[in-house]
Amino acid sequence: MTQLMPFPFALRHTGDHSGGGSKFTTGPLDKTEGWAQINGIRNEERELIAAQVQVLEHSRSMEKLLRGKTPREALLIMQRVCGVCPVVHGIAAVEAARKALLAALTALTASCEGFKISRRTQLLELIAMLGGTLKSHLEHIYGFVAPEMIRVDSILAPDAMKLKVVRMAMDLIKVATKVTDYVTGRSVHPVTFHLTGSTAEVDAKGLLGHAACIERAKNEYFERMVEFIATMRSAIPDFEVPRRFVALDGDEYPLHSGDHVLVGDLGRLQVRDFFSLIREDTPPHSKTYFVTIHDEPYVVGAAARWFYHEPKLSPYARSVAAEVGLPSASMNPFHNTLAQLVECAHILSILPRLLTELAELPDEELPMVAHTKDGVGIGACEAPRGTLFHWALYRDGKVASARALIPTSQNLAAMERDLFEYARPLAQAGATDGELSRAMIALAHSYDLCMSCAVRMLKKEDLVHSHVH
Amino acid sequence: MPRHYTALPVLSIFEASTCAGCPIATFAGGHLAEIATKFKLGNVRFLGKGGKIRRSNVALVEGVAASAEEELRLHEIRRNSDVVVTIGACACKGGIPYGIHEPEEGSTDAETCAATRYPRPVTSVIQVDALVGGCPIVAEELQRVVAQTLRGVAHRALGGSVCVECKLDGRRCINKDESRDEICLGSITQRGCAALCIPHGGCKGCRNMNEGANVESFVRTVAAWKKVPEATVRHALRLFNNKI
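Throughout what follows, the structure given in this document is the object of discussion. Per chain, the residues get numbers from 1 upward, laid out in the order the sequence is written. Whichever chain is written first becomes A and whichever ligand is written first becomes 1, with later ones labelled in order. Two thresholds apply to this predicted model, a pLDDT of at least 70 for residue-level local features and 80 or more for giving and counting side-chain atom pairs, whereas whole-chain, interface and lining totals are computed over all residues. The side-chain quantities take in all heavy atoms of the structure and omit both hydrogens and water.

## Points about the overall build of chain B
Every helix listed is a DSSP run of H or I at least four residues long, and every strand listed is a run of E at least two residues long, numbered separately from the N terminus. When its secondary structure is counted, chain B shows nine helices and seven strands. Only protein chains enter the accessibility calculation, which uses a 1.4 Å probe; a residue whose area is less than 20% of its type maximum is buried, one above 50% is exposed, and one in between is partly exposed. The burial tally for chain B puts 56% of its 244 residues in the buried class. By element, 53% of the accessible surface of chain B is carried by carbon and sulfur atoms, the whole surface being about 10700 Å². Each accessible area is a Shrake-Rupley estimate made with a 1.4 Å probe; only the visible protein chains count as cover when residues are assessed.

## Structural notes on the environment of Ser-276 of chain A
Residue and element names in this part refer to chain A. Within the secondary structure, Ser-276 is located in helix H9 (residues 271-277). For Ser-276 and Asp-418, which are 142 residues apart along the polypeptide, the C-alpha to C-alpha distance reads 25 Å. At 2.6 Å, the side chain of Ser-276 and the backbone oxygen of Asp-273 are in polar contact. Side-chain atoms alone can form a polar contact between residues adjacent in sequence; in general such a contact is a pair of N or O atoms within 3.5 Å, and within protein one must be able to donate a hydrogen while the other accepts it.

## Things to note about unusual backbone geometry
Of note, the bond from Tyr-118 of chain B into Pro-119 of chain B is cis; its omega dihedral lies within 30 degrees of zero at 0 degrees. As for its placement among the helices and strands, Pro-119 of chain B is situated in the loop between helix H5 (110-115) and strand S6 (120-121). For the bond running from Cys-135 of chain B to Pro-136 of chain B, omega is 5 degrees, close enough to zero to count as cis. Mapped onto the fold, Pro-136 of chain B is located in the loop between strand S7 (130-132) and helix H6 (139-150). Located in the positive-phi region is His-294 of chain A, a residue other than glycine, with phi close to 50 degrees.

## A short note on the pairing of strand S1 (residues 10-15) of chain B
Successive side chains on a regular strand alternate, one facing one side of the sheet and the next facing the other. Residue and element names in this part refer to chain B. Along S1, six of the six residues are buried, which leaves the element largely enclosed by surrounding structure. Judged by which residues are buried, S1 turns out to be covered on both faces: Val-10, Ser-12 and Phe-14 on one side and Leu-11, Ile-13 and Glu-15 on the other are all buried. At least two bridges found by DSSP between two strands are what make those strands a pair. Here three bridges tie S1 to strand S2 (residues 40-44), and the two strands are oriented parallel to one another. Bridge pairing links Leu-11 to Leu-41 in S2. Where S1 lies against strand S3 (residues 56-62), five bridges are found, and the strand directions are parallel. Counterpart to Ile-13 in the pairing with S3 is Leu-60.

## Brief notes about the sheet that holds S2 of chain B
Residues and elements named next belong to chain B. The five strands are arranged S2-S1-S3-S5-S7 in an open sheet whose pairing can be described as parallel. Unpaired on one side and paired on the other, S2 and S7 mark the two borders of the sheet. For this sheet, the mean inter-axis angle between neighbouring strands, taken without regard to orientation, is 25 degrees. Between two residues, a contact is recorded if the distance between any of their heavy atoms is within 4.5 Å. Axis angles are defined between N-to-C directions and span 0 to 180 degrees, where every axis is a line fitted to C-alpha atoms and, for a helix, only to the segment in contact. Contacts from helix H3 (residues 68-79) reach S1, S3 and strand S5 (81-87) within the one sheet, and its direction differs from that of S5 by about 130 degrees.

## Some words on the side chain of His-89 of chain A
Following the sequence through the fold, His-89 of chain A ends up in helix H3 (residues 86-100). Setting aside residues up to four positions removed in sequence, His-89 of chain A forms contacts with Met-78, Gln-79, Val-81, Cys-82, Leu-388, His-390, Ile-406 and Cys-453 of chain A.

## Comments concerning the pattern of salt bridges
We count a salt bridge whenever a side-chain nitrogen from Lys or Arg sits within 4 Å of a carboxyl oxygen from Asp or Glu. In the structure shown here, the tally under the stated rule is 36 salt bridges over all chains. Of the charged contacts, one joins Asp-169 of chain B and Arg-171 of chain B as a salt bridge, the two residues approaching to 3.6 Å between their closest N and O atoms. On the accessibility criterion, Asp-169 of chain B (44% relative accessible area) is partly exposed. You can call Arg-171 of chain B partly exposed: its relative accessible area is 25%. A cluster of three or more residues bridged by salt bridges with shared partners is formed by Glu-95, Arg-98, Lys-99, Glu-125 and Asp-259 of chain A.

## A few points about the interface of chain B and chain A
With 48 residues of chain B in contact, the opposing surface of chain A contributes 51 residues. Values labelled buried area give the accessible surface lost by two parts on being combined, using a 1.4 Å probe and summing over both. Roughly 4000 Å² is buried in total at the junction of chain B and chain A, and carbon and sulfur atoms are behind 63% of that figure. Interface area lost by chain B to chain A is led by Cys-19, Arg-45 and His-200 of chain B, which between them contribute 18%. Applying the counting rule to chain B against chain A returns one salt bridge.

## Observations concerning the layout of surface pockets
Residue and element names in this part refer to chain A. Within this model, the second largest pocket holds a volume of roughly 1000 Å³. In this analysis the probe radius is 1.4 Å and the grid spacing 1 Å, with only protein atoms considered; a cavity is a set of points the probe fits into but cannot get out of, a pocket is an open set with protein on both sides within 12 Å along at least five of seven lines, and lining residues have an atom within 4 Å of a point. Lining the second largest pocket are 30 residues, and of these Gln-122, His-256, Ser-257, Gly-258 and Asp-259 lie nearest its centre. For this classification, the nonpolar set comprises Ala, Val, Leu, Ile, Met, Phe, Trp, Tyr, Cys and Pro, the charged set comprises Asp, Glu, Lys and Arg, and every other residue, Gly included, is treated as polar. Tallied by class, the residues present in the lining of the second largest pocket amount to 11 nonpolar, seven polar and 12 charged. Grid points are joined across faces, edges and corners, and a volume is the space filled by probe spheres set on the points.

## Focus: the packing of helix H2 (residues 71-79) of chain A against H3 of chain A
Residue and element names in this part refer to chain A. Two elements in contact, H2 and H3, have axes whose closest approach is 8 Å; the angle formed by their N-to-C orientations is 155 degrees. On the basis of their axis angle, the class for H2 and H3 is roughly antiparallel. Considering only the axes of H2 and H3, their crossing is right-handed. Touching Pro-71, Leu-75, Met-78 and Gln-79 of H2 are Pro-86, His-89, Gly-90, Ala-93, Val-94 and Ala-97, all from H3. Partitioned by chemical class, the residues of the contact of H2 with H3 number seven nonpolar, three polar and no charged. An angle below 35 degrees is read as roughly parallel, one above 145 as roughly antiparallel, one from 65 to 115 as roughly perpendicular, and any other as oblique. Here is the rule for handedness: rotate from the far helix to the near one, and if that takes an anticlockwise turn smaller than a right angle the crossing is left-handed, while a clockwise turn gives right-handed.

Don't take any of this as a statement about function, it's just geometry.
Listed below in structure tokens is the structure:
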């Protein structure tokens, strides 16, 4: 029987606030990618007056490093923004380069419609993204959130490792990783993304073998993984807060790249117009920028995609949504985890078909292209944690300026607001600092934070806003 | 001196400023469950075992030190670990982030870039017992290195360059192919990666450089083969090898 374990966070009181108030902090969060902590500030009457998300991660200046680099080098560098989601960074970077250098690429083809990647490359990149998203979501759901649900400190705790559902999750993560490895050469920092297409060396036997593995996982044990989450449904707090969701638009459920963004009441915008809405500020308590629209927070991620695109999910995914009790258009931040599980079901539904279609396509020789043109391009795609944008200005075929808008950065303002709205009534009801910390950590985990991506890469004065328009 | 353990050795994984790719590569492909049977886990923050730095038999450290606080933390890790292994290009030699010390072409801030203390590879902050290069690392290589260092055996690289693995694959040399504009750094880079990147644009030199590699000769030779300026070859080196 699983033993209850105390949550592994450090609790410190700094007590350095004027007026007799106090501050408490969770210390660096466990079970997140990168370094961040949550601070709560109380007044003299012990009311919670502020919640802060303090990102502790340091910048690696990735955007500045891009200057003077060719598209190929830019792609290699930007993939390494994050080792958890390098596929999406690679896709966004290569899309930005393709759009910026469209004129040079179009000269390669006789088509008057301009350069387009082949169906083979489309499928290879889409399958890579789906495999990466599946892996990332499973790691979050079963590696980060589920341990909290069953009150163990880690998925690697002996009590957790004995659980069959944990072994099932590890197996499915391995299956998803192998699919991505196969179509990208290597899932951590892929090697096959190129300006004119994918250089992946795949064959029908391998692709169909992976399709069979996915089918087996879906049919043999994914249902039990879903049932586990459904039985833990009562552990998910009922907490709603109005939010503006942002996600890419698309004919199908968007788990790939796109050119238009849905921005709630502000409608459907072209990606470049979306950039004119956003504002980036670095609060004094954090090392990364927070992003707002008209000074209001917004939310990206699985919950946002669910909000806009629920009808486009596969019937199987929608049945999983019903089973775990995910309501339509949910405004509960905790439901992001459930929305991720629904996306896992959707990916398991469609991946075998895509792998089979790819197996029927012949190999292709990619044209070489000289990088000597100027241009601006924005690559936008749906990363596991939300909409990711890479913007690049090329001069003489090399990066003159670049900028990335990261999902976690876009969510931080909303997360701070949500933490405060969630914890304030708990504080009013007499919750201790420890109880508030525990509650805020659980809410923070539902956002599936990725701090390494989110850190400030450029000083604000180095940004070249004017080139975006 | 050989080390003997009567219980499972304690393994910790620490991140400095990093993309986290190397731990992901360590755990990918089913290694997570295996690691859990062979080690007792100390600090592995992203898997729920964070907090105060614990005493470890083996500490894997990835990333670059990007601040004085991170340097202090690295020293504390060293004090609390029997064996420290740097994993990944960033920790071993600075990797891509170290490129910020190289000013971009035409820039006037050369002195500022060179004088900036951060970021720095872990190996320039603390003494380490073994290095596993790559971006990311190869999990099987890490297993071999950790097993050797736990037994007190000094790790030695496999010997040979990426060229060995490329030729075993029957590939044509990219540097000798005038029709291709990529520069391949395989001949000065340690083998052990199965020459994974060769069919996809050539080796970028993410793994540690071969001991005694004659970089100047490499630059001259490849420039002559490719009929490009030597600066073009040096530019290719700078993606992962800025400390040269």
